Amino acid sequence: MRYYVYVSDAKLELLLGQIPPKRLSRLAAEFTIDLKLVSMTVQTAAPPEATRYQRLAVVERAIERDEDVSGLEEPSVWFRGMLGLRSMIFGGESTGLLLFTGAWQGTVIALIGSAHHLIGSGAAPEAVPIGYSGSMLPTLFTLLERDQAEWADRHQVQEADPPLTRRFRQTDQDSLRQVIGCAEQITGPSQGCEFLARRLLVGTTQDPNGRPVRVLIGTPLYIALSGEGR
């Protein structure tokens, strides 16, 4: 059994709605799940825990059968892995953005999502700001820029290029370097995790010492603790 720490109800809702009814019925039958429970929609509160994980089982099986799913070496549209990850929340403990980061064979892995999808967060969907999505790259980089500016103020660091100026001419290389800088600020223990995520951006840039480093950014469907990947 998996010990989940993050499950995106928003992605479950989005993906379940795209599975044709007959196929959804067959998938539910494979897990001996009541189709009515799988088909229920999220209104103002998260579904019961048992229903969440039943829905997740169905969606994961559909992704495995219908989508291109890879490992970390050549990430396709969906990728999965087992890895030691550190985490940090930006912009609010329950309604902000959650960033998990780790390293795999010279690649920096960054998984982003909404903090209210953390298991046990207790935040209702209506508490999330309108237009906010932790699964979107613009949200990530807006919050990273704000966090870096606040960090510079606290440490009295004078930036030659203010964040507002960078935002209007940000390239993929800028974005990848920004993720590296943010990952280096995350402290605390690394926990072995397994995950399934949707790829958002992948590329190679340079670290602060000028060395090439590959960066893979994705948004997770789920993250669970494992005994591997530390």
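Bear in mind that the values here come from a model prediction, so they are computed numbers and not experimental data.

(A) Spatial organisation of the nonpolar core. Formed by 18 residues in total, the largest nonpolar core has its most connected members in L56, V59, I63, L221 and Y222. Sorting the residues of this core by element identifies strand 1 (3-7), helix 1 (9-16), helix 2 (21-30), helix 4 (49-66) and strand 7 (212-225) as the ones contributing at least two each. Those residues in contact with L56, other than ones at most four positions away along the chain, are Y4, V7, L12, L221 and Y222.

(B) Highlighting the pattern of salt bridges. Applying the stated criterion across every chain yields a total of ten salt bridges. Across the pair R52 and D9 runs a salt bridge whose closest N-O atoms are separated by 2.9 Å. Here D9 lies in helix 1 and R52 lies in helix 4, a separation of 43 residues in the sequence. For R52, a relative accessible area of 7% translates into the label buried. Given a relative accessible area of 10%, D9 falls into the buried group. Across the pair E30 and R61 runs a salt bridge, and its minimum N-O distance is 2.6 Å. Of this pair, E30 sits in helix 2 while R61 sits in helix 4, and the two are 31 residues apart along the sequence.

(C) Inspection of the packing of aromatic side chains at higher detail. Scanning all chains against the criterion turns up three aromatic pairs. Here Y4 and Y53 contribute two aromatic rings whose centre-to-centre distance is 5.1 Å and whose plane-to-plane angle is 5°, an arrangement assigned as stacked. With Y4 in strand 1 and Y53 in helix 4, this pair connects stretches of sequence that are 49 residues apart. The buried category is assigned to Y4, whose relative accessible area is 17%. Looking at Y53, the relative accessible area reads 25%, which means it is partly exposed. On the numbers, 5.7 Å between centres and 90° between planes, the contact of Y4 with Y222 is edge-to-face. Here Y4 is found in strand 1, whereas its partner Y222 is found in strand 7, with 218 residues between them in sequence. Of the two residues examined, Y4 and Y222, each falls in the buried class. Clustering of aromatic rings is evident, with ring pairs tying together Y4, Y53 and Y222.

(D) Region of interest: the environment of Q54. Assignment of secondary structure puts Q54 in helix 4. For Q54 and A28, which are 26 residues apart along the polypeptide, the C-alpha to C-alpha distance reads 8.5 Å.

(E) Inspection of helix 7 (residues 172-185) at higher detail. For helix 7, built from 14 residues, the straight-helix expectation of 20 Å at 1.5 Å per residue is met to within 8% by its first-to-last C-alpha distance of 20 Å. Turning to helix 7, its buried residues number three or more, namely S175, L176, Q178, V179, I180, C182 and A183.

(F) View of the confidence of the model for the protein. Per-residue confidence for the protein gives a mean pLDDT of 77, with 67% of residues at or over 70. Of all the helices and strands in the protein, helix 6 (residues 163-167) carries the lowest mean pLDDT, 42, while strand 2 (residues 69-70) carries the highest, 96. Here residues 41-47 scores under 50 on pLDDT; set against residues more than four positions off or in separate chains, the count is 13 contacts. Under a pLDDT of 50 for its full length, residues 127-132 has, in the predicted model, ten contacts with residues more than four places off or in other chains.

(G) Quick look at the environment of T187. Tracing the backbone through its elements, the reader meets T187 in the loop between helix 7 and strand 6 (191-206). Taking the C-alpha atoms as reference, T187 lies 8.5 Å from M88; in sequence the two are 99 residues apart.

(H) Spotlight on unusual backbone geometry. In the Ramachandran plot, Q105 falls in the positive-phi region, its phi being about 50° despite a non-glycine side chain. Examined against the element boundaries, Q105 turns out to sit in the loop between strand 4 (97-104) and strand 5 (107-114). Using a relative accessible area of 70% as the deciding quantity, one classes Q105 as exposed.

(I) A look at the environment of L12. On the secondary structure map, L12 appears in helix 1. For L12, a relative accessible area of 0% gives the class buried. Considered as a pair, L12 and Y53 are 41 residues apart in the sequence and their alpha carbons are 9.9 Å apart. Apart from the residues within four sequence positions on either side, L12 is in contact with V7, R52, R55, L56, V59 and L221.

What counts, and at which threshold
- Residues numbered from 1 in each chain as written.
- Predicted model: local features only at pLDDT ≥ 70, side-chain atom pairs only at ≥ 80, totals over all residues.
- Heavy atoms only, no water.
- Core = buried A, V, L, I, M, F, W, Y, C linked by side-chain atoms within 4.5 Å.
- Buried < 20%, exposed > 50% of the residue type's maximum accessible area, 1.4 Å probe, protein only.
- Helix = DSSP H or I, 4+ residues; strand = E, 2+ residues; numbered from the N terminus.
- Contact = heavy atoms within 4.5 Å.
- Salt bridge = Lys/Arg side-chain N within 4 Å of Asp/Glu carboxyl O.
- Phe/Tyr/Trp six-rings, centres within 6.5 Å; stacked < 30°, edge-to-face > 60°.
- Expected span 1.5 Å × (residues − 1).
- pLDDT = per-residue confidence, 0-100.

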